[in-house]
Every structure is written in structure tokens, then in C-alpha cells.
Amino acid sequence: MATTIALAGNPNTGKTTLFNALTGTNQFVGNWPGVTVEKKYGKLRGDKDAQIVDLPGIYSLSPYTLEELIARTYLLEEEPDVIINIVDGTNLERNLYLTTQLLELGIPVVLAVNLCDIVHKNGDTIALKALEDKLGCTVIEISALKNRGIEELAKQALLAHDTKEERVASQTEHSCFTTKELAGALDVLEQQLPAPLQNKRGRFLAVKVFERDEQLVELLSTELKRSLNTLRATISDASDTSRPSGSSSTGLAAQDSSSEAAASEAATLKLAAEATIKALEKAADDDSESIIINERYAFISRIIDSVLIQKNAGKARISDRIDKVVTNRVLALPLFAAVMFLVYFLAVTTVGTLVTDWANDGVFGDGWFLAGNAEGYGEAARAFEEASLAQEAFEGAAVEAGLDPASSGFLVQAEAESIVGSYEAYDDEAGTNELIIVDAAAYEEALAVGEPDPAAFGVWVPGIPVLFKNLLVSLDAADWVQGLVLDGIIAGIGAVLGFVPQMLVLFLLLALLEQCGYMARIAFILDRVFRRFGLSGKSFIPILIGTGCGVPGIMSSRTIEKQNDRRMTVMTTTFIPCSAKLPVIALFAGAIFGGAWWVGPSAYFLGIAVILCSGILLKKTRFFAGKAAPFLMELPAYHLPTPSLVLRSMWERAWSFIKRAGTVVLIAAMIVWFISGFGFAANGFGMVEDSDASLLAYLGSALSWIFIPLGFGSWEATAASVTGLIAKENLVSTFAVLYGGSESWYLTMQLSFGLAAAYALLAFNLLCAPCFAAIGAIRREMNNAKWTAAAVAYQCAVAWIVGLWVFQFAGLLTGELAVNPFTFVAAASFIAFLYLLLRPAPARQTKAAAAQTRTAANAKAADAA
Amino acid sequence: MSLGTIAVLVVLAALVGTSIYKQLKARARAKLTGISPHCASCGGCSSCLQASSRAHSLNAYTQDTSTQSSGSRL
């Protein structure tokens, strides 16, 4: 028979790590029906009949938070066969509170004491046998992170299922309510329960009646339904007959009657119990709920005294000492800025670039040297590239002057007519584009430069495009098919996949921050900043998740209770650069800014700044006004990251990115190649030689006027921005296809954009509407078409304005453009922005306050009359 | 049209077909499980679970906290 094992525990006890260890890769994610928190379930490794259900992290079974309600409802309605209660061994006292509640549910509990390695490292000891005796359930020592004790835990959980009755009886015997008066009162309440409910869960229900639980009717309804079902199953088994046609209607009728019966039972119970509860409340001089809580903690305190021996009781832990610096009021923000700067700097500029250059130029370029003089070849290749540009420029000028470069005596003729060509080249040292003049002498010199043979410089491995080109030529594939494969698919996908090494570095660093516990500190640190502007730190959690992917980031905003805060978070989450935007940042950093160190980090901080400013501005509008929700959080202890978990996290994210390149980007690159190579020419629709006459050029030109004030009003940039809506990586693949694929498309990009225009294009694409998948997630979370449209419009408007400021102000500074009408638009919008940012929040009355004012005014008027 | 051209086109059609099939399959799975189509086609569950688990952890104990100052440690 299949066994269902529920995994319950406080947040941050290593529940997900244990879930992953128990299930291996056999895990799935689903939605809890009707609610908003994910359900995680998986098959137990080594026993396909056993299913593990991961419940949300909770502190108690009280119905105060959504997570607690979900966990409680699941445990009562679904009734798993066994509960594995994972507790943090370094925080035993707090964790055992939930344990005392779980033990009352009439389900066998196996207590997994996690983080035992840290307990031992601290020099502390937990007497497991004594703990077992006190609680009446099996206790296992584990380290989920280091995969210790997991097999024994799974074995004990399955054993607990086989010996269910004895386990439950033992748990009931070890009740935590030992005070004579309270135990007596609970006994009375238990006896007052309707006969079918005085079962193994009688004590739990009696406690709920005593606590005056708000969900009592639902609880009783659940229990009555269960009793009814058990009874029906018993009768059915006994008579061994089945009546399928009538059973469903009987079931429905039973359901209705059980709900009605529950309501009436609850009313009767409340009435009968009130005298008992009030008597005890009077005696204890406390409310009933506090009496229960005190009793539980007194029980836990006694347990802790007898099972836990702490070596350094009262001394500050290492984590606390680190936090004194990391979360320090003065140092926290600079440290956070330094850490995030380092993450993006390492990923985009240094370590990532080294490998990405190899991937872009080698694997997805001409090829690379396994051994040999790579530098010498690089210089020779660059010289040949420059010579080719010079030849092209000179011959272009000659053709314009009516000369034929193929004719004999061309050089003499060109010299006689003083033909001079020119082209722009990027000066690495100056960081600007330089105009190179090519006269006849320079042209002659360029002609003498031959294409270097890489094999002459060492052991040369050809790149993927070269291999495919050779294959296509040997297959005698048609030219347009070669173009589709080489300039469309391989150029597009290659351009995106070339950034995988940078992504790996970013994912590795983010996984390290997540695993060591620093990510939680970032939320803590930014909560201070957010709160100062009336925002909640809760809004930052989706943003943290959004650094990986915007979709789960948007989805995680569900846990924000206030609707206006949730909507605002959904609208702003995608401003943070997700992993798909990293190739875009890296492309601009590498191709246009010459690998400048500041491009990657500035993109991240631009996202944070826009989120903060958006929050401040939106909070001052009536749609989002209101006090920020309180944000209380628990900081997990710092620990060394586990290499296997870090690598797994890194690989899974990277694999997801690679898969997207093989699906969405593949199709998009093919479409872009097709519509950029075909169009309406003089002889009808067909392949066009000049891509300016292509379909994509028409489509891009129709929208490019929008971006003229932002400095990138070309149809290519417009088309790339539009394809970025399908998936942000498409921006890279589209540029690669449009700017010549493997053949020095970086150079073409460099020549197409000035620095201010390039950063404006980058800023616009980082901030504008996210990909379709994320827009779909916004639609689902907003559950309203108008709000979805408003969110997308807001993001596009913000992106456009930021792009405008960047181009107009930075362009003036760099001398890229002169003062123009749009400079005044930029200045006016910037002043308006500052006014909106700095003005005090308009005083808004709540409805209740307004009603009160009205009543007071009416009363005053009546008095006056 | 050469045989080579036809062979390449067949391979490309298979690639596109597989890609579309995978997207459709992910959509079907999304409908069945109630998760977003993007998540269904992604499959990077464990890293996301880690992140979402953190989100829930950090947001779990957020009610009835009026007596606690924001950002204070539990």
C-alpha cells in the first residue's frame, strides 16, 4: 500500500534540503488547489510507493498565516500516514513548539533533528534517547546538507507507518498538558465532544475548543466528514456491496448534512465549554490561548533542561558576530553594494569574460588554439580585418567615383583621380570611434595583407560555424539554406550560447550567496532602506528571486497580503536584471564599452534604483497608498556552502537557459533571418540583397520613430528590442543575425551606436516590458487585464524616460549630441520626476476616518441647529 | 533542389517540430498541474524551490508582528 509522508517544520530548518535528499530528482511542483502556495511532492528515493509531501515552513498550527492554515488543513483533511517533523538542532526550544502540536494530531511523528553537525561543532549535546522518552516518538539525528542520517530517517518513517497504532498511543500518553487543572479541563472538553469525534484526535479538538479557535466549525466539519467516511467504508466492507449510482448523491447529502451538523455541534460545544474555559481563565488570570501556549513552553522548557547540554550557553555565536558587521547600520549598505558589485563585476567583466571570449570567438567563431601562438594569430587576424575594411572603404569610394575595382589599372586610375575612402574604427585606448582615411597607398598596403592561416600558428580547432560550413558545402546545400543555418541559426544561437560561461559564473556566485545565508541578509538590509520610503521589505523577496528569473519572482509576490503592495511588487520585480538579460548586458559591455568594468554592476544598481524610485512614486498615488506591512524575518545561521548543492543550482539554471536557446531562440532566430533576408523587391517578393529593403526593416522602421529621442532610432535596434519581448536573449541573437553573425558583428555594433545611445538602448531593454512568459505571470498574479496592461505600460514608460535621460544627458556630456528639443523634454521630465519623488505624501483619509469626520460634522451641525 | 538541401531542411523541420512539441507538452503539463507554462518547460525545480522556500520562510511569520520592530531578529 502507498505511504504518504508529510514533511513539516519551521522555516529555515533545512526542509527543502531534506526534501531534495529524500526524493533525489523525483520532485514536482504544483499549486495547492484554491490557495496560493506551491505544493511540492516527490517519490521517496528507493521506494516508489512512498510519496513525500513538503508542507510550507510554519511555526505553529494556529490559523494565523496562510501557510499555517494550509499545513493544518492538509494534515487534517488528507491525513498523511506519517509526519516527519524536521527541527533545527541549534534552535531546539523554538522548534519543539510545533512538535507538541503535531504530536496531538493522531498521526505517527518521526522527529528529525537537523543540523547536528553544527550542534556537535558548537560542542553541544542533545540526548536523543531522553528526548524520545519525553515526546513519545522516534527521534533521529540528521544533517540534511551533508546527507547524514537520511536513510535511517526514511526507514524509521516507513516503520512508523507499519506500527501506527502503538506510535499514536505512545504520543497521546506523553501529553504536554500536565497541569492538573488544565488537563482536567481538557478531559472534560474531550468528553463533551460528539461521540464520533472522541477518537485519537480528541485531545487536539479539545485544545482547539479551549483556545476558542476561529476555524472550529471547519475543523469539526472535517472531522465529522472523516467519521462519516470511516463509517461508510466500514459498512461497505462489511456488506461487501457497492452502489455506484446512489453513492455520489448520498455523499453529497452527507457533506451538506455534515457541514450543518458541524455548525450546530460547534455552537453547542462553545456553549458547554464556555463555563469550563472561563473558570480556568479566572484562576490563571490569563486568556485561554495564552494558558495553552504557556503550558506548551513550560513542557518544552523542562525537556530542554534535561536533553540539551550547551557548551557555550550565553556566548555570542559565530553567526551573530558576523552579523554584527554584515547587518551593521553603517556598514551594511556599503557591504551590500560591494558584494553585488563584485558579483556582477566577476560575472560580466573578469572571470566570465575570459571564458566567454573563448566561447564567442572560438567555439562559436572561427576556432581556437589547443596549443600554439594564439596572440600572434590574433594580431595577424586583426591586421587582416582592418585591411579588409580599408579595401572595402576604398573600393566603395572608387565605385562612387565611377571606377571599377575589378578592372586592370584600377589602382593607377584611382591614384590619378585621388580617390580617398574612409571607415570608422573603435580606438580601444581612447574608448571612442576613430575615422580612418584610406588613400591609394594605404589601399595598396591593405591588398598585400593576406588572410592568416591559423594552422601556421599552432594546433587549431575549428569553430562550430566553420565545421557546419564545411559540412553544408560538402552536402552541396543551396546558398539560402547555408545562409539560414550559418547566418540565422548558428549565428543567433551561438551568440546567445556564447554567454553561457558568464551565466555560469553569475549563477555560481548567486548560489554561493544563497547557500551561505547572505541572501537573507540582503532582504534584511534593504528592508531598512525600503521602510524609510514607506515600502515593505517583503517586496524585496520577489526581486531577489527575480535575479534568476522574473516568472518565479513575480509568482513569489503572492505571499504579500496587502493587494496594493502586491500589485506594486509585481509591477516592479522585473526591473531587476534576470538571467536572460545578462547576455544583453555582457554583449553591450563587451561589444560597445570595450569590456568596461562598470557596465555589469551599473545595470544591476540601475534596476534597484528604478525599483526604489517607483516604490516611492507609486506609494504616493491613491492606488498604492497605505502603510507598509510589517516584515519580520529570521536570519539563518551562516554556514559553508555545500559544493554539490551549489553546483546543482548553478547547472539547473544554466541548463534551463541552454534549453531556451534550443527552443525559443532557435525559432526566433530562424524567423528573424527569414524576415530580414526577404522582402518586396522590384520583381516581387523574394530574397533581397540589401536588408534595408527586408520585411523586418519595414516593420522596424514603422516603430523606430519612438526611439529617435533615445538615440537608437534604427530599424535594427527597434527590431531587436521587439524580439526581446519573446525572450530577452533574442535581443542578442537578433543583433548577431542582423549584424553579420560570426563575422565581426561586435565591430558593426560598435560602429552603429555611440556610447550614450548604446547605454540608453541597454537601459531601455533592461527596464521595458519583460518577456511574454513574465507578462503571462503578471497577468496571472494581477488576475485583471486592466492592471496587467497598466503594469506593462508603466514599465515601458519608465524604460523610455530612463533611456531618454541617459541619451540626452550623457550624450551632452560626451559630446555625442547637441542641445535639441528632446533635451528640454528630458530636463522637464526629470524636474517633474524630482518633484514627485520629493513631495510629501498626500494625506489620505481611510474610509472609516472619513465616515467618523462626517459623523462628527453632522453632530456639530445638529448641535448648532 | 539537391539532396543535401533536402536533408538539411528535413533536419531543420525536425528541430523546429521538436521545439514546438516540447512547448505544447509543457503547456499541457502546465494545465494539468496548475503551474505556469514557463515553469513547466523550465524544469529547474530545485534551484527555484530553494529560492521560493526562502521567500516563504522569510514571509511566513509576518502577521501579528505589530509589537516587533521591522527587520528585528526573531
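Each value, and the rule that gives it
- Residues numbered from 1 in each chain as written.
- Chains lettered and ligands numbered in written order.
- Predicted model: local features only at pLDDT ≥ 70, side-chain atom pairs only at ≥ 80, totals over all residues.
- Heavy atoms only, no water.
- Helix = DSSP H or I, 4+ residues; strand = E, 2+ residues; numbered from the N terminus.
- Buried < 20%, exposed > 50% of the residue type's maximum accessible area, 1.4 Å probe, protein only.
- Areas by Shrake-Rupley, 256 points an atom, 1.4 Å probe, with all protein chains shown as cover.
- Core = buried A, V, L, I, M, F, W, Y, C linked by side-chain atoms within 4.5 Å.
- Contact = heavy atoms within 4.5 Å.
- Lys, Arg positive; Asp, Glu negative; His and termini not counted.
- Salt bridge = Lys/Arg side-chain N within 4 Å of Asp/Glu carboxyl O.
- Axes fitted to C-alpha atoms, helices over the stretch in contact; angles between N-to-C directions.
- Parallel < 35°, antiparallel > 145°, perpendicular 65-115°, else oblique.
- Left-handed = near helix turned anticlockwise from the far one by under 90°.
- Nonpolar A, V, L, I, M, F, W, Y, C, P; charged D, E, K, R; others polar.
- Patch = residues over 30% accessible without salt bridge, like charges linked within 9 Å, V, L, I, M, F, W, Y side chains within 5 Å.
- pLDDT = per-residue confidence, 0-100.
- Pairing = 2+ DSSP bridges.

A. Expanded view of the overall build of chain A. Across its full length, chain A carries 37 helices and 15 strands. Within chain A, the proportion of its 865 residues that are buried is 52%. Only carbon and sulfur atoms are counted for the fraction: they give 60% of the accessible area of chain A, which is about 38,500 Å².

B. Spatial organisation of the overall build of chain B. Helices and strands together make up the secondary structure of chain B, namely three helices and zero strands. Listing every helix and strand of chain B by position from the N terminus yields α-α-α. Relative to its 74 residues, chain B shows a buried fraction of 43%. Put simply, chain B shows about 3,900 Å² of open surface, and 63% of that area lies on carbon and sulfur atoms.

C. Focus on the nonpolar core. All names here are of chain A. Core analysis: the largest hydrophobic core is formed by 145 residues, its most contacted members being Phe588, Phe735, Met749 and Phe753. Among all residues touching Met749, those that are not within four sequence positions of it are Leu587, Phe588, Ala591, Ile592, Phe735 and Tyr739. The next biggest cluster of nonpolar side chains, apart from the first, holds 54 residues, and it includes Leu76, Leu105, Leu111 and Val139.

D. Structural view of the environment of Gly123 of chain A. Residue and element names in this part refer to chain A. One can find Gly123 in the loop between helix H4 (116–121) and strand E7 (125–126). Residue classification places Gly123 among the partly exposed positions, given a relative accessible area of 30%. Considering only alpha carbons, one finds Gly123 and Ile309, 186 residues apart in sequence, at a separation of 8.8 Å. Not counting the four nearest positions on each side in its chain, Gly123 is found in contact with Ile309 and Lys311.

E. Quick look at the side chain of Lys581 of chain A. Residue and element names in this part refer to chain A. Mapped onto the elements, Lys581 comes out in the loop between helix H25 (563–573) and helix H26 (582–591). Of the buried charged residues, Lys581 lacks a salt bridge, with Glu729 as the closest side chain of opposite charge at 10 Å. If sequence neighbours within four positions are ignored, Lys581 has contacts with Thr574, Ile576, Lys728, Asn765 and Leu766.

F. Structural context of the packing of helix H3 (residues 92–102) of chain A against helix H12 (residues 288–307) of chain A. All names here are of chain A. Contact pair H3 / H12: the axes reach a minimum separation of 9 Å and the direction vectors enclose 125 degrees. By the criterion of interaxial angle, the relationship of H3 to H12 is oblique. Crossing angle aside, the handedness with which H3 passes H12 is right-handed. For the pair H3 and H12, contact is made by Leu92, Glu93, Leu96, Tyr97, Thr100 and Gln101 and by Ile293, Arg296, Tyr297, Phe299, Ile300, Ile303, Ile304 and Val307, respectively. When its residues are assigned to classes, the contact of H3 with H12 shows ten nonpolar, two polar and two charged.

G. Geometry of the pattern of salt bridges. All names here are of chain A. For the coordinates displayed, the defined rule picks out eleven salt bridges over all chains. Between Lys15 and Asp54 there is a salt bridge, with its nearest N and O atoms 3.0 Å apart. On the criterion of sequence distance, the pair formed by Lys15 in helix H1 (residues 15–23) and Asp54 in strand E4 (residues 47–54) is long-range, its members being 39 residues apart. Assigned by exposure class, Lys15 and Asp54 land together as buried. Notably, a salt bridge pairs Lys619 with Asp565, separated by 3.0 Å at the nearest N-O pair. Of the two residues, Lys619 sits in helix H27 (residues 599–619) while Asp565 sits in helix H25, which places them 54 residues apart along the sequence. Note on accessibility: Lys619 and Asp565 belong to one class, buried.

H. Fine view of the side chain of Thr718 of chain A. Residues and elements named next belong to chain A. Looking at the secondary structure, you find Thr718 in helix H30 (residues 715–723). Assessed through its relative accessible area of 1%, Thr718 is described here as buried. Setting aside its immediate chain neighbours within four residues, Thr718 contacts Gly700, Leu703, Ser704, Phe707 and Phe712.

I. Structural view of a nonpolar patch on the surface. On the surface, Trp480 and Met687 of chain A together with Met1, Leu3, Ile6 and Val10 of chain B cluster together into a nonpolar patch covering about 680 Å² of accessible area. Looking at which element gives the most residues to the nonpolar patch, the answer is helix H1 (residues 3–33) of chain B, with three residues.

J. Just the packing of helix H29 (residues 695–704) of chain A against H30 of chain A, in detail. Residue and element names in this part refer to chain A. Interhelical geometry of H29 versus H30 gives an angle of 90 degrees and a closest axis separation of 8 Å. In this view, H29 runs roughly perpendicular relative to H30, as classed from their interaxial angle. In this structure, H29 contributes Leu696, Ala697, Gly700, Ser701, Leu703 and Ser704 to the contact, and H30 contributes Trp715, Thr718, Ala719 and Val722. When its residues are assigned to classes, the contact of H29 with H30 shows six nonpolar, four polar and no charged.

K. Representation of the confidence of the model for chain A. Residue and element names in this part refer to chain A. With 85% of its residues at a pLDDT of 70 or more, chain A has an overall mean of 81. Considering only residues more than four positions removed or in separate chains, one finds that residues 28–37, a stretch of pLDDT under 50, has 37 contacts. Below pLDDT 50 for its whole length, residues 241–255 participates in five contacts with residues either more than four positions away or in separate chains.

L. Just the pairing of strand E15 (residues 684–687) of chain A, in detail. All names here are of chain A. Alignment of strand E14 (residues 678–681) against E15, held across four bridges, turns out to be antiparallel. Residue pairing across strands places Phe678 opposite Met687, the latter belonging to E15. From the end of E14 to the start of E15, which pair antiparallel, there are two residues.

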